[in-house]
Amino acid sequence: QVQLVESGGGSVQAGGSLRLSCAASGRTFSSYTMAWFRQAPGKEREFVAAISWNGGSTYYADSVKGRFTISRDNAKNTVYLQMNSLKPEDTAVYYCAAERSRARVGGPPRPDFWGQGTQVTVSS
């Protein structure tokens, strides 16, 4: 069992930056692929970014490629999402997710665990 707690959400103007963090409980953090998803009002949850268990591979949705960076610190049981050049369409609740996998990341993962989410609002 893994518990995930997101932080770092907030309100920012278009073009600004935010850094989300996700702290995971448990001693097996390095056994998980970690990812971020988001859900905008009235829309389905969508994949944003994923990182392999050792940080050796990453995968991004086309909509955020070049603007967002996912990283992890296994010593701190934490995964991050650095979001730059934010746009109003990035407004959503952002969810941290974990998948039991030590494979290389080549696509959106299928999470086994989810966090509660953190709100990101980008104003124009």
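Scroll up for the structure.
Residues numbered from 1 in each chain as written. Predicted model: local features only at pLDDT ≥ 70, side-chain atom pairs only at ≥ 80, totals over all residues. Heavy atoms only, no water.

**Details of the overall build of the protein chain**
Next, step 1: Looking only at helices and strands, the protein chain has zero helices and 11 strands in total.
Next, step 2: Of the regular secondary structure in the protein chain, the N- to C-terminal order runs β-β-β-β-β-β-β-β-β-β-β.
Next, step 3: For a compact globule of 124 residues, the expected C-alpha radius of gyration is about 14 Å, and the protein chain comes in at 13 Å, within 12% of that figure.
Next, step 4: The dimensions of the protein chain, computed from C-alpha atoms along their principal axes, are 40 × 25 × 25 Å.
Next, step 5: Going through the 124 residues of the protein chain one by one, you find that 46% of them count as buried.
Next, step 6: Across the protein chain, the fraction of contacts at a sequence separation of at least 24, relative to all contacts at a separation of at least 6, is 59%. (Helix = DSSP H or I, 4+ residues; strand = E, 2+ residues; numbered from the N terminus. Rg over C-alpha atoms; globule rule 2.2 N^0.38 Å. Buried < 20%, exposed > 50% of the residue type's maximum accessible area, 1.4 Å probe, protein only. Contact = heavy atoms within 4.5 Å.)

**Overview of the nonpolar core**
Next, step 1: Within the largest apolar cluster, 37 residues are counted, with the highest numbers of intra-cluster contacts made by Leu4, Met34, Trp36, Val79, Leu81, Met83 and Tyr94.
Next, step 2: Among the secondary structure elements, those contributing two or more residues to this core are strand S3 (18-24), strand S4 (32-39), strand S5 (46-51), strand S7 (68-73), strand S8 (78-83), strand S9 (92-100) and strand S11 (118-123).
Next, step 3: The contact partners of leucine 4, leaving out residues within four places of it in the chain, are Cys22, Ala23, Ala24, Met34, Cys96, Ala97, Ala98, Phe113, Trp114, Gly115 and Gln116. (Core = buried A, V, L, I, M, F, W, Y, C linked by side-chain atoms within 4.5 Å.)

**Remarks on the side chain of aspartate 90**
Next, step 1: Inspection of the secondary structure puts aspartate 90 in the loop between S8 and S9.
Next, step 2: A relative accessible area of 1% means that aspartate 90 is categorised as buried.
Next, step 3: Contacts of aspartate 90, omitting those with residues within four sequence positions, involve Arg38, Arg67, Phe68, Ser85, Val120 and Val122.

**Quick notes on the state of the cysteines**
One covalent bond between the sulfur atoms of two cysteine residues makes up a disulfide.
Next, step 1: Per the stated rule, a full pass over the model turns up one disulfide.
Next, step 2: The side chain of cysteine 22 participates in a disulfide bridge whose partner is cysteine 96; the two sulfur atoms lie 2.1 Å from each other. One disulfide, between cysteine 22 and cysteine 96, carries an S-S torsion of -80° and so falls in the left-handed class. Taken together, the positions of cysteine 22 in strand S3 and cysteine 96 in strand S9 put the pair 74 residues apart, joining distant regions of the chain. We note that cysteine 22, like cysteine 96, is buried. (Disulfide = S-S within 2.5 Å.)

**Thoughts on the environment of arginine 38**
Next, step 1: Secondary-structure assignment places arginine 38 in strand S4.
Next, step 2: Residue classification places arginine 38 among the buried residues on the basis of a relative accessible area of 5%.
Next, step 3: Beyond its immediate stretch of four places on either side in the chain, arginine 38 contacts Glu44, Arg45, Glu46, Val48, Ser63, Val64, Phe68, Glu89, Asp90, Ala92, Val93 and Tyr94.
Next, step 4: Here the side chain of arginine 38 touches glutamate 46 through a polar contact of 2.6 Å, side chain to side chain.
Next, step 5: Within polar-contact distance, the side chain of arginine 38 engages the side chain of aspartate 90 at 2.9 Å. (Polar contact = N/O pair within 3.5 Å; in protein donor to acceptor, adjacent residues only side chain to side chain.)

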